[in-house]
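Chains, contacts and geometry: an overview
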Amino acid sequence: MTSHRPHHPIAVVGAGLGGLALARVLHVHGIEAALFDLDPGPTARTQGGMLDIHDDSGQEALRAAGLHEDFLKRVHSGGQAMRVLDRHATVRLTEDDDGSRGRPEIDRGDLRELLLGSLPEGTVRWDAKVTGARPLGSGRHEVTLEDGTGFTTDLLVGADGAWSRIRPLLSPARPSYTGVSFVEADLSEADLRHPASAAVVGGGMLFALGAGRGFLAHRETDGSLHVYTAVEAPEDWLDGIDFGDTEAAKAAVLKEFDGWDESLRALVADADGPLVPRRIHALPVGHRWDRVPGVTLLGDAAHLMSPFAGEGANLALLDGAELGLAVAAHPEDTEAALTTYEDRMFRRAEVSAAESAQNTTLLFRADAPQGLLDMFPSTADGR
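Here the structure is a predicted model, which is why all the values come from computation and not from measurement.

**Section: the confidence of the model for the protein**
Averaged over all residues, the pLDDT of the protein is 93; the fraction at 70 or higher stands at 95%. A low-confidence stretch, residues 379–383 stays under pLDDT 50, and its non-local contacts, those more than four residues away or across chains, total 7 contacts.

**So, empty space enclosed by the protein**
Which parts of space are left empty comes out when a probe the size of a water molecule is rolled across the atoms. On inspection of all chains with the given rule, the structure shows 1 cavity of 30 Å³ or more. Of the pockets and cavities examined, the largest cavity occupies roughly 50 Å³. Split by residue class, the lining of the largest cavity holds 7 nonpolar, 3 polar and 1 charged.

**A closer look at the pairing of strand β9 (residues 140–145)**
Of the strand pairs in this sheet, strand β8 (residues 130–137) and β9 are connected by 6 bridges, and their pairing is antiparallel. Note that in β9 the partner of Pro135 across the bridge is His141. What sits between β8 and β9 in their antiparallel hairpin is a turn of 2 residues, with Ser138 showing a positive phi close to 60°. As judged from the 4 bridges shared by β9 and strand β10 (residues 150–158), these two strands associate in the antiparallel manner. Considered in β10, the bridge of Glu142 is made with Thr152.

Calculation notes
Residues numbered from 1 in each chain as written. Predicted model: local features only at pLDDT ≥ 70, side-chain atom pairs only at ≥ 80, totals over all residues. Heavy atoms only, no water. pLDDT = per-residue confidence, 0-100. Contact = heavy atoms within 4.5 Å. 1 Å grid on protein atoms, 1.4 Å probe; cavity = no way out; pocket = protein on both sides within 12 Å on 5 of 7 lines; lining within 4 Å. Points joined across faces, edges and corners; volume = space filled by probe spheres on them. Nonpolar A, V, L, I, M, F, W, Y, C, P; charged D, E, K, R; others polar. Pairing = 2+ DSSP bridges. Helix = DSSP H or I, 4+ residues; strand = E, 2+ residues; numbered from the N terminus.

Below, the structure is given as structure tokens:
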């Protein structure tokens, strides 16, 4: 019996970047959506580090959302700079921020705040964890929440990330482990408290790579450094580390970097606060599904990939914007809108997922960082 449940013509599960972009583009076109997110509120947890927003994808989405100028005001000046080092901390490549704004950096939290602030009050229903959904026929679905309540909808959009509760309506695929694990760390007030590490990272992004290992770090807008320590390892490697004991966890992670330069090891050794483990998962390259009436996916729910092409957030934003534009262009024909959206999304996601998978191997191959250097013609001049 579902007659007593509230009904939303368009319901979006997940208030991440993709879901918010969708809601904003729909709002610009006079169409309202209801978003449901499991977090208790917008500031319930930190939103991760810096994002480079690409001119031909993420920025296109922000243009469609009418937020591009506001976005440019929030970007991290100098954040497009990059340094590539080997395991001995020898600088193999430096790239300055040329001010082109082709891939400007922005704090994920700042971008999410921009999108949230552009929506009418009450668009996002917080503390609304979806536990399942089922078809009712004719493209309608019933969604159940953890507190026992629920709702029905004519158009259900899964924007709920890697372990989407909506994906099973469309596809049996589940993310698999890529063979790489991250351990994340932060160094606060880097110029003042960690000047040597600040110098190693520089003003933007650092890649310090060796065979099967690496430190990926970036400078954040608050002056801190966010470090991703990457290790090719079995899926259960992180289970053997006690992350409740930060010093013991640091020692276990640094054991994987014996022989690396101390200036690189310090990115973990001197970290402030606890280390955070994260396994890198991906959906199959080319993941797609047959058209199912009244439901679709966007972002990681549709095409989770490794972060090594820098496409995840950009594709989520573009997915959300293009889905919103498709719905606005076909107000009386949801299936035409979803067919149009999915056709474009499947094609671009497959290209990006293939690149991400290739880069996962390229970055950490035996002669690293040579694989990354080969992508930059400027290395030929010996910089």
